[in-house]
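Examining the three-dimensional arrangement
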Amino acid sequence: MPSTPNNYQEGVSPLHNQRFPAYGEGEREITALLDKEGVITSISLSTIPLLGKSPAEIAGSSLLALIHPDDRAILQRVLISIQQAQGKRLNLACRLLDRHRVPHQFEGNITSLLLPTGSEAFVVVLRVSSGQAQDPVWHKALVPELPVSLCEMDTVLQDSVSGFLGAGLHKGDSCIVLATKPHREGLEARLRSMGLDVTAPDLQDRYIARDAIDILAKCMVDGSLDSQRFREEVAGLIWQAADDQYSVRIFDETADLLRIEGKRAAATHVEEIWKDLHHVTPPFLLVGSCTLQGQAQGDESGLFMKTGQPQARVLHDTGSRVQPSERVSDAGASILGVRSAQQESGRPLPTSEELFARLVEAARGEVQEAFNANEGYFRMAFTLAQMGIAFVDLAGHILQVNPAYCSITGYTAQEISHMQAAALVYEADRPRYERQIQDLCADRCSNFILEQRYLTKDRGLVWVEESVVQVRDKQDKPLYLVAQIKDITARKQAEEDRERVFALLEKCTDFIGVADANQQVFFVNQAGRDLVGLCSEEEASRTSMLDYFPPHEQRRVMKDIFPALYKDGSWSGEVTFRHFQTGASIPVLWNVFFLKEKESGVMQNFACIARDISETKRIEEERFRLAAIVVSSDDAIISKRLDGTITSWNNAAERLFGYSADEAIGKHITLIIPDELLREEIEIINKIKQGKRIQHYETVRQRKDGSRIYVSLSFSPVKDRQGNIIGAAKIARDVSERRELEQRKDNFISMASHELKTPVTSLKGFIQILQRQMRQQEDPRTLLFLNRMDVQVKKLTALINDLLDVSKMQQGTLSFRKAILNLKELVYETVENVQAATSSHRLCVYEEVETPVQVYGDWDRLGQVLINLLNNAIKYSPDADVVQVRIRTHEERVEVAVQDFGPGIEEKYHERIFERFYQVTGPKESTYPGLGIGLYIVRAILEQHNGQIWLESQVGKGSTFYFSLPLAEEAPDRSTADA
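Calculation rules
Residues numbered from 1 in each chain as written. Predicted model: local features only at pLDDT ≥ 70, side-chain atom pairs only at ≥ 80, totals over all residues. Heavy atoms only, no water. Helix = DSSP H or I, 4+ residues; strand = E, 2+ residues; numbered from the N terminus. Buried < 20%, exposed > 50% of the residue type's maximum accessible area, 1.4 Å probe, protein only. Contact = heavy atoms within 4.5 Å. Areas by Shrake-Rupley, 256 points an atom, 1.4 Å probe, with all protein chains shown as cover. Pairing = 2+ DSSP bridges. Axes fitted to C-alpha atoms, helices over the stretch in contact; angles between N-to-C directions. Arc of directions from axis to C-beta. Polar contact = N/O pair within 3.5 Å; in protein donor to acceptor, adjacent residues only side chain to side chain. pLDDT = per-residue confidence, 0-100. Parallel < 35°, antiparallel > 145°, perpendicular 65-115°, else oblique. Nonpolar A, V, L, I, M, F, W, Y, C, P; charged D, E, K, R; others polar. Phe/Tyr/Trp six-rings, centres within 6.5 Å; stacked < 30°, edge-to-face > 60°. Lys NZ or Arg CZ within 6 Å of the ring centre and 35° of its normal. 1 Å grid on protein atoms, 1.4 Å probe; cavity = no way out; pocket = protein on both sides within 12 Å on 5 of 7 lines; lining within 4 Å. Points joined across faces, edges and corners; volume = space filled by probe spheres on them. Left-handed = near helix turned anticlockwise from the far one by under 90°. Disulfide = S-S within 2.5 Å. Core = buried A, V, L, I, M, F, W, Y, C linked by side-chain atoms within 4.5 Å. Domains from an automatic or database assignment. Salt bridge = Lys/Arg side-chain N within 4 Å of Asp/Glu carboxyl O.

**A short note on the overall build of the protein chain**
The helix and strand inventory of the protein chain stands at 32 helices and 36 strands. In the protein chain, which comprises 979 residues, the share counted as buried stands at 46%. For the protein chain, contacts bridging at least 24 residues in sequence account for 59% of all contacts bridging at least 6. As presented, the protein chain carries roughly 49700 Å² of accessible surface, and 50% of it is formed by carbon and sulfur atoms.

**Describing the sheet that holds strand β19 (residues 478-487)**
Reading across from one edge, β16-β15-β19-β18-β17 is the order of the five strands in this open sheet, with antiparallel pairing throughout. The sheet terminates laterally at β16 (398-401) and β17 (447-455), the two strands that pair on one side only. The sheet shows a mean angle of 30 degrees between the axes of neighbouring strands, direction not considered. The strands that helix α18 (residues 430-441) touches are β17, β18 (461-472) and β19; relative to β17, the one it contacts most, it runs at about 150 degrees. Its contacts with the sheet put helix α19 (residues 489-507) on β17, β18 and β19, and the angle it makes with β18 is roughly 130 degrees.

**Things to note about helix α8 (residues 212-219)**
Where α8 is concerned, the buried positions are Ala-212, Ile-215, Leu-216 and Cys-219. Projection of α8 onto a plane perpendicular to its axis shows the buried side chains occupying an angular sector of 95 degrees, all on one side. The elements touched by buried residues of α8 are β7 (174-179), β8 (207-211), β9 (220-221), β10 (224-225), α9 (227-242) and α10 (254-260). Regarding α8, its N-cap is Asp-211, as a side-chain oxygen of that residue lies 2.8 Å from the backbone nitrogen of Ile-213 further along.

**Notes on the pairing of strand β28 (residues 708-719)**
Pairing between strand β27 (residues 694-702) and β28: seven bridges, direction antiparallel. Bridge assignment links Tyr-697 to a residue of β28, and that residue is Leu-713. Between β27 and β28, which pair antiparallel one after the other, the connecting turn spans five residues, and Gly-706 there sits at a positive phi close to 90 degrees. Sheet topology note: the β28/strand β29 (residues 725-734) ladder contains nine bridges and is antiparallel. Bridge pairing in β29 links Leu-713 to Ala-732. The antiparallel pairing of β28 with β29 creates a hairpin that spans five residues between the two strands, and Gly-723 there sits at a positive phi of about 90 degrees.

**Topic: the sheet that holds strand β35 (residues 948-953)**
Two orientations exist for strands paired in a sheet by backbone hydrogen bonds: parallel and antiparallel. With mixed pairing, the five strands of this open sheet are ordered in space as β31-β33-β34-β36-β35. The outermost strands of the open sheet, each flanked by one partner alone, are β31 (842-847) and β35. On average, adjacent strands in this sheet sit at an angle of 15 degrees to one another, irrespective of strand direction. Examined bridge by bridge, strand β34 (residues 893-899) and strand β36 (residues 959-966) share seven bridges and lie antiparallel to one another. Bridge pairing links Ala-897 to Tyr-962 in β36. In this fold helix α29 (residues 823-836) packs onto β31, β33 (882-890), β34 and β36, with an angle of close to 170 degrees to the strand it touches most, β31. Lying over the sheet, helix α30 (residues 859-875) contacts β31, β33, β34, β35 and β36, oriented at roughly 170 degrees with respect to β36.

**Quick look at the confidence of the model for the protein chain**
Low-pLDDT stretches of the model should not have their predicted coordinates read in fine detail. Considering every residue of the protein chain, the mean pLDDT works out to 78; 78% of them sit at 70 or more. Taken as a whole, residues 1-26 scores under 50 in pLDDT and shows 59 contacts with residues more than four places along the chain or in a different chain. Predicted confidence for residues 294-374 stays below pLDDT 50, and this span has 158 contacts to residues more than four positions away or in other chains.

**Examining the packing of α9 against helix α22 (residues 551-568)**
Contact geometry for α9 and α22: axes closest at 9 Å, N-to-C directions at 170 degrees. Compared by their axis directions, α9 and α22 come out roughly antiparallel. Here Gln-228, Glu-232, Ala-235 and Trp-239 of α9 lie close against α22, whose contacting residues are Met-558, Phe-562, Pro-563, Tyr-566 and Lys-567. When the residues that make up the contact of α9 with α22 are grouped by side-chain class, the tally is six nonpolar, one polar and two charged.

**Thoughts on the packing of aromatic side chains**
Scanning the model with the defined rule gives 22 aromatic pairs in all. Look at Phe-391 and Tyr-480: their rings are 5.8 Å apart centre to centre, the planes differ by 80 degrees, and that puts the pair in the edge-to-face class. Here Phe-391, found in strand β15 (residues 388-392), pairs with Tyr-480, found in strand β19; they are 89 residues apart in sequence, far enough to count as distant. A relative accessible area of 6% means that Phe-391 is categorised as buried. An aromatic cluster is defined as three or more aromatic residues linked by ring pairs; in this entry it consists of Phe-511, Tyr-548, Phe-549, Trp-571, Phe-577, Phe-580 and Trp-590. Lying across the ring of Phe-816, Arg-861 places its NZ or CZ 5.9 Å from the centre.

**Side note on empty space enclosed by the protein**
Considering all chains together, one arrives at seven cavities of 30 Å³ or more under this definition. By volume, the largest cavity is sized at about 120 Å³. If you trace the largest cavity, you find 15 residues lining it, with Phe-511, Val-521, Met-545, Tyr-548 and Cys-608 closest to the centre. If you list the elements that add at least two residues to the lining of the largest cavity, you get β20 (511-516), β21 (521-524) and β24 (603-612). The element contributing the most residues to the lining of the largest cavity is β20, with four residues. Its residues assigned to classes, the lining of the largest cavity shows 14 nonpolar, one polar and no charged.

**A short note on helix α31 (residues 934-943)**
With eight of 10 residues buried, α31 is to be regarded as a mostly interior element. Among the residues of α31, those classed as buried are Gly-934, Leu-935, Tyr-936, Ile-937, Val-938, Ala-940, Ile-941 and Leu-942.

**Looking at the packing of α30 against α31**
Where α30 contacts α31, the axes come no closer than 9 Å and their chain directions differ by 145 degrees. You can see that α30 and α31 cross each other, and the crossing is left-handed. Contacts between α30 and α31 involve Arg-861, Leu-862, Gln-864, Val-865, Asn-868, Leu-869 and Asn-872 from the first element and Gly-934, Leu-935, Ile-937, Val-938, Ile-941 and Leu-942 from the second. Broken down by class, the residue content of the contact of α30 with α31 amounts to eight nonpolar, four polar and one charged.

**Structural notes on the pairing of β17**
Relative to β18, β17 runs antiparallel, the two sharing nine bridges. Considered in β18, the bridge of Gln-452 is made with Val-464. Taking the residues that link successive antiparallel strands as the turn, the β17-β18 hairpin has five residues, and the phi of Arg-459 there is positive, at about 65 degrees.

**Things to note about the state of the cysteines**
One pass over the full model with this rule turns up zero disulfides. In this structure Cys-441 is a free cysteine whose sulfur lies 8.9 Å from that of Cys-445, the closest cysteine sulfur available. Given a relative accessible area of 33%, Cys-441 falls into the partly exposed group.

**A few points about the nonpolar core**
Nonpolar side chains in soluble globular proteins tend to be buried together. Counting 62 residues, the largest nonpolar core has Trp-274, Tyr-548, Phe-577 and Trp-590 as the members making the most contacts within it. In terms of residues, this core owes the most to one element, α9, which gives eight residues. A domain split of this core shows at least three residues from each of domain 2 (155-290) and domain 4 (508-617). Ignoring anything within four residues of it in the chain, the contact list for Phe-577 reads Phe-511, Leu-531, Val-532, Tyr-548, Phe-549, Pro-550, Ala-584, Ser-585, Ile-586, Val-588, Trp-590 and Ala-610. By size, the runner-up hydrophobic cluster in this structure holds 42 residues, among which are Leu-823, Leu-826, Leu-843 and Ile-941.

**What to know about the pattern of salt bridges**
Should the charged atoms of two oppositely charged side chains come close, the side chains can pair. For the structure on display, the rule yields 38 salt bridges. For Asp-71, the salt bridge identified is with Arg-95, shortest N-O distance 3.0 Å. Here Asp-71, found in the loop between α2 (55-58) and α3 (72-82), pairs with Arg-95, found in strand β3 (residues 89-97); they are 24 residues apart in sequence, far enough to count as distant. Among the ionic pairs, Arg-249 bridges to Asp-173, the shortest N-O distance being 3.4 Å. A residue pair is termed long-range when its members are at least 10 positions apart, and Arg-249 in strand β11 (residues 248-252) and Asp-173 in the loop between α5 (154-171) and β7 qualify at 76 residues. Note on accessibility: Arg-249 and Asp-173 belong to one class, buried.

**What about unusual backbone geometry?**
A positive phi is found at Asp-443, a non-glycine position, where the angle reads about 65 degrees. Counting through the fold element by element, Asp-443 comes out in the loop between α18 and β17.

Given below as structure tokens:
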């Protein structure tokens, strides 16, 4: 087998290591014809190797679009200067942008021409600047421009391809081979001879080989190619191969196999898919085989063999080395967009290349003479032009229009002849148009361009872009106006639709972004820019999709997310964005998908929606922490719905009540409530519905084995995100041991109180006897001591009585003698008695009611309440000298307030201060010792009168104790009173 030298250089394919000889010298020179507005009407084929763009892609766009933004002002100044005289030529140097927006330096000239029809044109000739080596664009961009290898022998194919793949593997690229088994084995053998063992660990991940026949078997359905399946299969391989590599090299035989089988349409479809894939995958370089056998079965209609395709080359086996030969025929190619037609005389019209050559000839010297000689050709161009052209006299009457003008306006040439041009302009836009025409005719401007609305013959509206220029004779006298119009209605509608959509997107509170097929971002809404720290739309437009991810997340996006996206068309999940200013990580829920062209289904853009889930993540973390606390808590923690259904049950609840979580969840909370206490649940739920919390509510609950336990319950409402109460959370603590200790203490207090009461009563009697004797004997000193003893005995008696009351309250045997009484009278009497016993404070009563205030209650017990509150007010305000008592009625209740001006009580003690034996432990309050049962007795007495007591106090401003009782007209029924 003849050996083939390795013509591959680093990063350069041997199929393209020479210039494109079919272009000749012209491949370093671009020649273009422009209209008055600088729109390219035709351009040479040399744009393919020099810019990576075909003439069909460029024709119809402005030359400014090809020029680097920093050089566009130069071209505009040149165009303005060259419009002053026909045949004028100016030098021009600028940078042209290739397909991938890479600038290349060119230099040349621009020449102005005047057509016989009166319209102006320009010829531009640009050459690669001297000193700049102009390699074909694809070498730098690494995009799949689909080179073709046409081989007579497999040896030539395998030698060429193995060199292509070997150069890539040496360079560090990944390679994909989609070939038949003999070709795969032959390629691997040749690669081994080059020192590349593709089975070695260091190459296994970078060399992916698949059987082309198996690939097609998976992607053919009823003899037709399933394009979506083929696209997904191949795109998945490219993403797998790309990983962190810069580029991928691919050898593919699938199209050739289809052509050999006579499936030409499917083969062409495969080639179209390869062309489209470079928009949606990492960069790759593709070599596709097109053997003579396959070519004999098919035709030259495939994209690999079409004229004008970049790098379309034919290689023949010379027996010794691969040499480039002639390109595939260019017959039938068109670069002007003007198809061949027949003149009335039958003589064939010039092809666009011939017409272009004549214009170039005019640009190089014989300007006017060349156009005069080719007047018929230019009239043909006027007739077939896609833009509407009209000649207008200086009075504004239309003289002549071309068919495109008639098509846009709906009028025939006869109907529109001698109409006023301004009459076609929509009324709202007409004044501006007429001002521009006046400025043009008065030489205040040389031309103008407007976007405005035209009225069509059927009174419809069409948006046009109109450019108007004044034509002058050799003596610089104005002759007529030339107007060109282009229908931009679809563009305007699209712009309006886009503006409406973008306006809606701007109002969205989620991140919304759109990127082109190359992942270049061109829109991010305000919420999105705020989220990631982008200051403006311009700043966002300079980013790519990967820029939004921190480095550690970019690898995941490239390796996992993008392949899934290209396979399924969409992807959704959690990712991490980065803040462009601070670098902070932002967790988001990211939904990214393709926007496809409606008719072809080709992917055009990426779109994504992202929602900041930082708060959600924080709440989840908090929930996990709370869940851990709940699980490990020693207190039983239970949650339930408002209907009483248990929804959660922690480990402590299992230990406390004996039911497992499976047994309890879903059951009603009455599972652990004794029958006689079921009413408690109704009262608790009612308070929960009102948003109230219940703290340290002691009651009895029932275990699974039927035993009873004392528990202290605390309840809190559970709310949803909208703030609606949906349930309750309950903490239950076993207080059985404490209750048992308290019961023992109560028993001791009851016993001690009874045992102390008898000797204290006897002691008091003896003291009274001695007091009478000392008065008779007139012994003042002994009498003083006896009086002091009497005071202490009275205090001891009061303490014993309080302890007895507490004991009776616990046993439920405290007696009450209730009747209708005047509370005002009781208040005044009690204040008078307490005032007589103290000289340190002045007790003041303020009443807001003049009539008697009647309540139903026990005179002595309510007096006990007032005495306790007054004594406390005096006792706890040693630095004050006033205690105020206020009486007022409110709705159906009477309210009494006792206010002191002492140090005050902290809010955290306000609830617990009414508990039995509870004493405030603050540094100031602890200076007044006691048993902590006074306020407990007060609350118990008031509860027996359907009353309430509460405290309002601020540290440093004193305290006010309030209690209220229901007003009574007459004594209630005994059954009601007992209830």
